[in-house]
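Remarks on the overall topology
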Amino acid sequence: MNPLAKKLFKIIQTILRIKFCEECGTTKGLVDCWLFNYETGKEQHWTYCVDCAPKQGFCWACGQFWGGVESFDFGPGYCENCASEIEEEEEYYEEYEEGCYPDEYEEEFEEER
Ligand SMILES: [Zn+2]
Ligand SMILES: [Zn+2]
């Protein structure tokens, strides 16, 4: 996105309180990206979508800046902190898909319905 469009988007965001991805302009799947700026002592914030966040060096899961960290740059788009959580969740879903739940679980589901 060119700098002028970026500025316009920022203005629209503040006026309408609508958030856009600062890179591609989508309003879906947005991540509040942030970086602590040691020079100013303040946190800086950006809004990117889950696709653009990792390209800008931010974890799409928690929004923290990880750019320049090798494991992040060559990783799946989320940081080390989030990796354990996300991978646990994936394992959980895989188990679910495979139907590996013990029988008692399935019975409980039946009763609830
Ligand atoms: Zn985007
Ligand atoms: Zn993260």
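Residues numbered from 1 in each chain as written. Chains lettered and ligands numbered in written order. Predicted model: local features only at pLDDT ≥ 70, side-chain atom pairs only at ≥ 80, totals over all residues.

If you tally the helices and strands in the protein chain, you get 5 helices and 2 strands. Ordered by position from the N terminus, the helices and strands of the protein chain form the series α-β-β-α-α-α-α. Counting over 113 residues, the protein chain shows a buried share of 18%. A fraction of 28% describes how many contacts in the protein chain between residues 6 or more apart in sequence connect residues 24 or more apart. (Helix = DSSP H or I, 4+ residues; strand = E, 2+ residues; numbered from the N terminus. Buried ≥ 20, exposed ≤ 12 C-beta atoms within 10 Å, placed from the backbone. Contact = placed C-beta atoms within 7 Å.)

What follows covers the environment of Lys 28. Residue placement: Lys 28 occurs in the loop between α1 (3–16) and β1 (30–37). Along the backbone, Lys 28 and Tyr 48 are 20 residues apart, and their C-alpha atoms lie at a distance of 9.6 Å.

Time to look at the pairing of strand β2 (residues 42–49). Bridging between β1 and β2 involves 8 bridges; their strand directions are antiparallel. Its bridge partner being in β2, Leu 35 is matched across the sheet by Gln 44. A loop of 4 residues connects β1 with β2, the two strands running antiparallel in sequence, and Gly 41 in this loop sits at a positive phi of about 70°. (Pairing = 2+ DSSP bridges.)

With a phi close to 55°, Arg 17 is a non-glycine residue in the positive phi region. By the element assignment, Arg 17 lies in the loop between α1 and β1.

A few words on the nonpolar core. Side chains of a nonpolar character, in soluble globular proteins, are inclined to be buried together. With 16 residues, the main nonpolar core has Val 31, Tyr 48, Ala 53 and Phe 58 as its most contacted residues. Where this core is concerned, the elements lending two or more residues are β1, β2 and α2 (52–55). With residues up to four places along the chain from it excluded, the contact list for Ala 53 reads Val 31, Cys 33, Tyr 48, Phe 58 and Trp 60. (Core = buried A, V, L, I, M, F, W, Y, C linked by C-beta atoms within 7 Å.)

Moving on, we get to the confidence of the model for the protein chain. Looking at the protein chain, the pLDDT average stands at 85 and 83% of residues meet or exceed 70. Across the protein chain, the secondary-structure element scoring lowest on mean pLDDT is helix α5 (residues 103–112), at 57, and the one scoring highest is α2, at 97. (pLDDT = per-residue confidence, 0-100.)

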